[in-house]
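Listed here are the chains, written in short residue letters.
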Amino acid sequence: MNDEVVIKPTHGLSALRLREIWEFRELFYFLVWRDIKVRYKQTFLGAAWAIARPLMGMVVLTIVFNKLVGFSVAGVPYLLFTFCGVVAWNFFSEGVSGASQSLLANANLISKVYFPRIIIPAAAILSGLLDFVIAFSLALVLMIYFHFVPTWTIAILPVFVVLTIVTSLGIGFWFSSISVQYRDIGHALPYIIQVLLWITPVGYAANKIPSEYQLLYWMNPIVCVIEGFRWSMLHTGTMPLTLVALSVCVAGVLFVTGLMNFLRMERRFADVI
Amino acid sequence: MSAIISVEHLGKQYRIGALRRGNSFRDAFDEKIRSLLSRKKPSESKDEVLWALKDVSFQLEAGEVLGIIGRNGAGKSTLLKILSRITGPTEGLIRIGGRVAALLEVGTGFSGELTGRENIFLNGSILGMKRAEILSKFDEIVAFAEMERFIDTPVKRYSSGMYMRLAFAIAAHLDPEILIVDEVLAVGDAQFQKKSLGRIEELGKGGRTVLFVTHNTGMVRQLCSKALLLHEGKLRLIGESNAVTSEYERMGTPLVESRWENNNPRDKQESAWIGSVSTTSGDGVPSRIFRTSEEVVIAFSLTVKEPNNLLKVGFDLTKNGVVVMRTQQVDYPNGLALTKAGEVIVRCRIPRHFLNNGEYFIIPLLSIHCAQSLMHQYEPVLSFEVAIDPQYSSFYSVLTPHNHPGMVFPSLTWEQV
């Protein structure tokens, strides 16, 4: 019996069984596929929502920051400027809220079937990739419309996409595992996301923040993501490398601690959910 | 032959306090504050733990079909959940030497928005099938579920019967080395149940190891080579299925009580009242499940304030809403007068080979003859079940409520003249 399974009590951190996660890759794929399939079922606009939402975000933020506050960015139409931010922001915020609620939404799977639980929040985040790709294509269309030619920096964009995923996973691991025990997360989440939106340069540029607060400001990894998106797509200014490194570190810490906490709580999910 | 599943000293502890506590930060916070104020050490709350399973050890060889029986709360589901790795044990060790599929529910993860076809793939992969495997079995699954016409309809438009058929069809096409099944078979119509049972039998005969939990001892006798009886988290008996199911039936089932306490305050103002009614076996062991070959004893505990020669206690026995008989302690020829004051216990023995298969209800009666009823309600307070004893005669093993009707099944004399 070479593939004998041994079940015994585990204490502290359960191991991250990568081989096992690999064995369940098809389940992961099907969960992503299900989330995508079900997302716009029984809606009038259907997948057009993937376009409508970032467009609405773009219009609102442009009106507020460009028309009312009077911010502008040299050489870039403000609509395009906010749109790039909104594309990244939506990918992040929808990933985080989807992942945070994912364990509760799949409670019946957790109490009835065995598989590495980490698949669930991860699938919730990755299922947002399709919406992101659609919105991103629209950004390219807008760039053509505004006669905006991207430079080589667009090749760096995938790095920032990965950073978004890592940050979303980190926060998603934290929130989803806590929400199994404490339903408070579900109530607080919309407000947390709303507050995050305003302390993230989605509708404005990061350099509007006074320089003495920049260090604190960049501790939010999504600041780096949004600035990175604009830098690589619209070539706005230069990226402050030390601050980028800070953001990446914070994202890394979020991810590692979130993962560890998730693995610590995982074995009690079925008992308390 | 070596064991395919070996379980050693398995235990699972739940903290009841943690369950009673609510699920919010505030509750956890309250708890913290309270424990700080009362200076309780965490170890002092140890009385709030519950061992759902304790010191369970057994081994199972490849190809065995094991029925797991026990009362509600005996730990059956916990055992299944640990074996299928949904939750971890608190202590002990399990070794499993094969690919396990667990069916704790059929249709887990079904999404109403998706079509039957899509759900087959989703549910199949949730149950651990590979995509290629699902593809190759797809037509078989659809045919098994008799679902060809609706396979591209969203599942939310299915009737519950169709839903269950599809869900079970997927489950039935699992082909693991070890299958763990919870009482999912109890669903669906008779024909469908037959199909499912057939499938389990097939798996067993095909050398697969099957563990399944049920309340239905008949099913265990029919399907299982071996049975395991859990009682209050401990393993009470494991062995040949007939012996274990008999032990279980002897324990009685607690799904419903075998004792009724009278809480009607108006009854207690009368000159006599019935405090409780209970059913026991011939030798006085509380029980509510009997064989036709066993005596049923119905005991009344009375409080008599004013003795009266005309006091009558008894009951109506009903089945399917029809009174099978009325009997009272004054009945000819063994009339018993209750002339003593104070606590009295009276028993009525229903003889062996008198009742038929089925559930009987007891409506207690208490009155003063021709004057007054002392009970303020007339309703069934207790029930018990009778099953035909298959060991009594080879003919009886095939008798069921359907092919053996009747309010009673008395042992009568037949003679050839």
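Everything here concerns the structure above.
Residues numbered from 1 in each chain as written. Chains lettered and ligands numbered in written order. Predicted model: local features only at pLDDT ≥ 70, side-chain atom pairs only at ≥ 80, totals over all residues.

## Examining the overall build of chain A
The test is simple: Helix numbering and strand numbering both begin at the N terminus, where a helix is a DSSP run of H or I of at least 4 residues and a strand a DSSP run of E of at least 2. C-alpha atoms define the radius of gyration in this analysis, and the globule rule sets the expected value at 2.2 Å times the number of residues to the power 0.38. Exposure criterion: with C-beta atoms placed from backbone coordinates, a residue whose C-beta has 20 or more other C-beta atoms within 10 Å is buried, one with 12 or fewer is exposed, and one in between is partly exposed. What counts as a contact here is a pair of residues whose C-beta atoms, placed from the backbone, lie within 7 Å.
Along chain A, the regular secondary structure elements total 13 helices and 1 strand. In sequence order, the secondary structure elements of chain A are arranged as β-α-α-α-α-α-α-α-α-α-α-α-α-α. On C-alpha atoms alone, chain A measures out to a radius of gyration of 20 Å, which is about the 19 Å that the 2.2 N^0.38 rule sets for 273 residues. By its C-alpha atoms, chain A is 65 × 45 × 35 Å across when sized along the principal axes. Scored against the burial criterion, the 273 residues of chain A give a buried share of 42%. For chain A, contacts bridging at least 24 residues in sequence account for 83% of all contacts bridging at least 6.

## As for the interface of chain A and chain B
Let me state the cut-off plainly: Amino acids are sorted into nonpolar (Ala, Val, Leu, Ile, Met, Phe, Trp, Tyr, Cys and Pro), charged (Asp, Glu, Lys and Arg) and polar (every other residue, Gly among them). Strand pairing is defined by DSSP finding a minimum of two bridges between the two strands.
In this assembly, 29 residues from chain A lie in contact with 34 residues from chain B. Only strand S1 (5–7), helix H2 (25–39), helix H5 (107–112) and helix H13 (269–272) of chain A provide two or more residues apiece to the side of chain A that touches chain B. For the side of chain A that touches chain B, a count of residues per class yields 13 nonpolar, 5 polar and 11 charged. Pairing geometry for S1 of chain A and strand S4 (residues 91–96) of chain B, over 3 bridges, is antiparallel. Looking at the pairing, Val5 of chain A lines up with Ile96 of chain B of S4 of chain B.

## So, the nonpolar core
General note: in soluble globular proteins, nonpolar side chains tend to be found buried as a group. What counts here: Note on terminology: a nonpolar core is a set of buried residues of type Ala, Val, Leu, Ile, Met, Phe, Trp, Tyr or Cys, with members joined through C-beta atoms within 7 Å.
In this structure, Cys84 and Val87 of chain A together with Ile180 of chain B are the most contacted members of the largest nonpolar core, which totals 139 residues. Per-element tally for this core: the top contributor is helix H4 (residues 78–105) of chain A, with 13 residues. Once you skip the residues sitting within four places of it in the chain, Cys84 of chain A turns out to touch Ala139, Phe229, Arg230, Met233 and Leu234 of chain A.

## Quick word on the environment of Arg157 of chain B
Residues and elements named next belong to chain B. Examined against the element boundaries, Arg157 turns out to sit in the loop between helix H5 (131–145) and helix H6 (160–172). Arg157 sits in the exposed class, given 12 other C-beta atoms within 10 Å. Sequence spacing of Arg157 and Leu174 is 17 residues, and the spatial spacing of their C-alpha atoms is 25 Å.

## Focus on the packing of H5 of chain B against H6 of chain B
Residue and element names in this part refer to chain B. Inclusion rule: Only the stretch in contact is used when fitting a helix axis, every axis being a line fitted to C-alpha atoms; angles between N-to-C directions are given from 0 to 180 degrees. Angles are sorted into four bins: roughly parallel if under 35 degrees, roughly antiparallel if over 145, roughly perpendicular if 65 to 115, and oblique for all others. Crossings are assigned a handedness: left-handed for a near helix turned anticlockwise from the far helix by less than a right angle, right-handed for a clockwise turn.
It is at 8 Å that the axes of H5 and H6 come closest, and there the two elements cross at 135 degrees. Regarding the angle of H5 to H6, the classification is oblique. Considering only the axes of H5 and H6, their crossing is right-handed. Across from Ile141, Phe144 and Ala145 in H5, the residues of H6 making contact are Arg165, Leu166, Ala169, Ile170 and Ala172. Here the contact of H5 with H6 is built from residues that sort into 7 nonpolar, no polar and 1 charged.

## Things to note about H5 of chain B
All names here are of chain B. The condition is simple: Bending is quantified residue by residue as the angle between axes fitted to the seven-residue window ending at that residue and the seven-residue window starting at it.
The axis of H5 is deflected most strongly, by about 55 degrees, at Lys137. Every buried residue of H5 is accounted for by Ile134, Lys137, Ile141 and Ala145. With its phi angle positive at about 55 degrees, Glu146 sits one or two positions after the end of H5.

## Here we look at the sheet that holds strand S10 (residues 259–261) of chain B
Residues and elements named next belong to chain B. Spatial ordering of the open sheet is given by S10-S11-S13-S16, a layout of 4 strands whose pairing is antiparallel. One side of each edge strand has no neighbouring strand; the edge strands of this open sheet are S10 and strand S16 (342–350). Strand-to-strand twist of the sheet, defined as the mean angle between neighbouring strand axes without regard to direction, takes the value 20 degrees. Of the strand pairs in this sheet, S10 and strand S11 (residues 272–280) are connected by 3 bridges, and their pairing is antiparallel. Residue Trp260 lies in a different strand from S11, and its bridge partner there is Val277.

## Quick notes on helix H3 (residues 76–83) of chain B
An α-helical segment advances 3.6 residues per turn. Residues three or four places apart therefore align on the same side. The buried fraction of H3 of chain B amounts to 7 of the 8 residues, a majority that puts the element mostly inside the structure. Within H3 of chain B the residues assigned to the buried category are Lys76, Thr78, Leu79, Leu80, Lys81, Ile82 and Leu83 of chain B.

## Details of unusual backbone geometry
Residue and element names in this part refer to chain B. Despite not being glycine, Asp55 has its phi angle at roughly 55 degrees, a positive value. Within the element layout of this structure, Asp55 appears in strand S2 (residues 49–61). Look at Asp55 and you get partly exposed, because 14 C-beta atoms sit within 10 Å. The phi dihedral of Cys370 is positive, around 60 degrees, even though this residue is not glycine. Mapped onto the elements, Cys370 comes out in the loop between strand S17 (358–368) and strand S18 (372–373). Here Cys370 falls in the exposed class, since 7 other C-beta atoms lie within 10 Å of it.

## Side note on the environment of Leu163 of chain A
Residues and elements named next belong to chain A. As for its position among the elements, Leu163 is in helix H8 (residues 157–181). Residue classification places Leu163 among the buried residues on the basis of 23 C-beta atoms within 10 Å. Sequence separation between Leu163 and Leu55 is 108 residues; the distance between their C-alpha atoms is 23 Å. What Leu163 contacts, discounting residues up to four positions off in sequence, is Pro221, Cys224, Val225, Val248 and Ala251.

## Concerning the sheet that holds strand S7 (residues 209–213) of chain B
Residue and element names in this part refer to chain B. One open sheet holds the 6 strands; their spatial order is S5-S6-S7-S3-S8-S9, and the pairing between them is mixed. Edge positions in the sheet fall to strand S5 (100–103) and strand S9 (234–240), since each has one partner strand and no second. Neighbour-to-neighbour, the strand axes of this sheet turn through a mean angle of 15 degrees, independent of strand direction. Where strand S6 (residues 178–181) and S7 come together, 4 bridges link them in parallel fashion.

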